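Structural overview
Chain by chain, the residues run as shown.
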Amino acid sequence: MNPPALMMFLISLAIGTTITLSSHHWLLAWIGLEINTLALLPIMTKTPHPRAIEAATKYFLTQAAASALMLFSCLISALQAGEWDIDTPPELMVNPLSLALMMKLGLAPLHFWLPEVLQGIPLSTGLILSTWQKIPPMILLLQTSHNINLSLAVTVGLTSVLIGGWGGIGQTQLRKIMAFSSIGHLGWIILILKLNPQLSLFSFILYIVMTTAAFLSLIILSTTKMYQISISWTKNPALTTTVMITLLSLAGLPPLTGFPPKLLIILELVKQNMTILATLVMLASLLALFFYLRLTYIITLTLAPNIYSSVTTWRATTKPHLTAAIMNILALALLPLTPTILLV
């Protein structure tokens with residue numbers, strides 16, 4: 001794809017997100033989501049490969065279905081309330097509207113499109129799909145969090161954490177692993193959405209930071225399969241070590257950035273007398289921990305046959321990647337700043 005066209009589509013993505021985030025009107029929010037979806041489709045198919053075309057088709061069909069359900073819910077809500085304001089509680093259609101936004105996010109049990117779509121597109125487009133494209137529906141859910149059915153949020157959240165861990169165990173493709181990781185993390189966020197929207201927003205921001213760091217590192221290492229990352233040590237030892245620690249951060253191990261959201265969510269659930277749910281979600285997260293530890297084991301404790309006389313090969317990059325460096329630092333070292341961030 002030529003640069004001016006790519007720039008135009010990226011600007012359209014930004015405009016669509018801005019329209020959704022700044023709108024108080026359901027129809028404008030829907031238009032912003034549609035601009036976002038249509039702007040991403042050409043970026044997905046910039047490499048004219050059958051897998052990319054298939055991924056773009058699946059993405060379009062699922063997003064179109066979710067958009068249709070969302071527009072239908074908004075119309076019925078406007079008919080009932082007499083206005084399109086986002087703050088107006090759509091009592092009749094709150095569940096279908098929430099499900100439509102959850103389908104756009106890729107939450108279980110409406111998650112089937114996400115691993116397949118992510119597997120068929122390049123890592124750079126996967127980064128946009130896993131981070132930027134999650135922002136508009138998540139902000140809409142946060143704006144309507146006071147109306148969301150608690151039983152629906154808890155059911156979808158717990159199911160997503162289970163599916164996110166269970167689905168990622170047998171995968172060897174890194175993009176599918178990142179897709180199931182995304183489902184699991186968003187499950188944690190939705191779980192607490194009704195009870196503490198501020199904590200959900202904090203967890204979502206940290207999810208974006210950690211996922212961006214992981215994707216940027218994989219892009220620099222040019223790895224999409226598990227066996228490729230197992231031989232990346234000779235290409236870039238420093239970045240390979242950072243990837244390992246970033247994966248542990250995604251798993252939620254202390255003292256890394258991924259630990260505070262999970263700790264605070266568990267504490268909030270216990271405070272709300274939902275101890276059984278807190279126990280279930282902690283046990284479900286052990287499934288995800290298994291495949292993160294499996295990846296770190298492959299990266300660090302399995303050494304590929306090295307036929308080179310030098311420790312690092314000629315493919316080692318010396319080009320500085322400032323964005324990746326900043327995101328990796330944030331993905332590893334935000335734990336001490338958590339109280340300050342929550343006070344802002």
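Heads up: the structure comes first, above all this text.
Here is a short report on the structure shown in this document. (Residues numbered from 1 in each chain as written. Predicted model: local features only at pLDDT ≥ 70, side-chain atom pairs only at ≥ 80, totals over all residues. Heavy atoms only, no water.)

**Considerations on unusual backbone geometry**
Following Ala 108, the chain continues into Pro 109 via a peptide bond in cis, with omega recorded as 5°. A cis amide bond, omega 5°, links Pro 254 with the succeeding residue Pro 255. Topologically, Pro 255 is positioned in the loop between helix H12 (237-251) and helix H13 (259-271). Located in the positive-phi region is Ser 222, a residue other than glycine, with phi close to 55°. Residue placement: Ser 222 occurs in the loop between helix H10 (197-221) and helix H11 (226-230). Ser 222 sits in the exposed class, given a relative accessible area of 53%. Of note, the phi angle at Asn 273 is positive, near 60°, even though the residue is not glycine. Summarising the element assignment, Asn 273 is placed in the loop between H13 and helix H14 (275-300). (Helix = DSSP H or I, 4+ residues; strand = E, 2+ residues; numbered from the N terminus. Buried < 20%, exposed > 50% of the residue type's maximum accessible area, 1.4 Å probe, protein only.)

**Concerning the pattern of salt bridges**
Taken as a whole, this structure holds four salt bridges when the rule is applied. Between Glu 54 and Lys 58 there is a salt bridge whose closest N-O contact spans 2.8 Å. Of this pair, Glu 54 and Lys 58 both sit in helix H3 (residues 50-81), four residues apart, roughly one helical turn. A salt bridge links Glu 268 to Lys 271; its shortest N-O distance comes to 3.7 Å. Note that Glu 268 and Lys 271 are positioned in helix H13 at a spacing of three residues, about one turn of the helix. The buried category is assigned to Glu 268, whose relative accessible area is 8%. One network of salt bridges, in which partners are shared, links Glu 54, Lys 58, Glu 116 and Lys 176. (Salt bridge = Lys/Arg side-chain N within 4 Å of Asp/Glu carboxyl O.)

**Digging into the packing of aromatic side chains**
Inspection of the entire model under this criterion finds three aromatic pairs. Here Phe 204 and Tyr 207 contribute two aromatic rings whose centre-to-centre distance is 6.1 Å and whose plane-to-plane angle is 25°, an arrangement assigned as stacked. Within this pair, Phe 204 and its partner Tyr 207 are both found in helix H10, separated by three residues, close to a single helical turn. Of the two residues examined, Phe 204 and Tyr 207, each falls in the buried class. (Phe/Tyr/Trp six-rings, centres within 6.5 Å; stacked < 30°, edge-to-face > 60°.)

**So, the layout of surface pockets**
Approximately 330 Å³ is the volume attributed to the largest pocket. Considering the residues around the largest pocket, the lining is formed by 17 residues, among which Gln 198, Leu 199, Phe 202, Ile 341 and Leu 342 are closest to the centre. Going through the elements one at a time, H10, H13 and helix H16 (338-343) are the ones with two or more residues in the lining of the largest pocket. Considering every element that reaches the lining of the largest pocket, the biggest residue donor is H10, with seven residues. Looking at the lining of the largest pocket residue by residue, the class counts come to 13 nonpolar, two polar and two charged. (1 Å grid on protein atoms, 1.4 Å probe; cavity = no way out; pocket = protein on both sides within 12 Å on 5 of 7 lines; lining within 4 Å. Points joined across faces, edges and corners; volume = space filled by probe spheres on them. Nonpolar A, V, L, I, M, F, W, Y, C, P; charged D, E, K, R; others polar.)

**What to know about the packing of helix H1 (residues 3-22) against helix H2 (residues 26-44)**
Any two packed helices are characterised by how steeply their axes cross, that is the angle between the axes, and by the distance between the axes. Look at H1 against H2: their axes get within 7 Å of each other, and the N-to-C directions meet at 160°. Classed by the angle they form, the pair H1 and H2 counts as roughly antiparallel. Crossing of H1 against H2: the hand is left-handed. Facing Leu 6, Phe 9, Leu 10, Ser 12, Leu 13, Gly 16, Thr 17, Ile 19 and Thr 20 of H1, the residues of H2 in contact are Leu 28, Ala 29, Gly 32, Leu 33, Ile 35, Asn 36, Ala 39, Leu 40, Pro 42 and Ile 43. Here the contact of H1 with H2 is built from residues that sort into 13 nonpolar, six polar and no charged. (Axes fitted to C-alpha atoms, helices over the stretch in contact; angles between N-to-C directions. Parallel < 35°, antiparallel > 145°, perpendicular 65-115°, else oblique. Left-handed = near helix turned anticlockwise from the far one by under 90°. Contact = heavy atoms within 4.5 Å.)

**Quick notes on empty space enclosed by the protein**
Following the criterion strictly, the structure yields four cavities of 30 Å³ or more and no others. In this structure, the largest cavity occupies an estimated 110 Å³ of space. Every residue along the wall of the largest cavity is listed here: Leu 174, Ile 177, Met 178, Ala 214, Ser 217, Leu 218, Ile 229, Val 243, Thr 246, Leu 247, Leu 250 and Leu 295. The set of elements that each furnish at least two residues to the lining of the largest cavity consists of helix H9 (174-191), H10 and H12. The leading source of residues in the lining of the largest cavity is H12, at four residues. Residues of the lining of the largest cavity, tallied by class, amount to 10 nonpolar, two polar and no charged.

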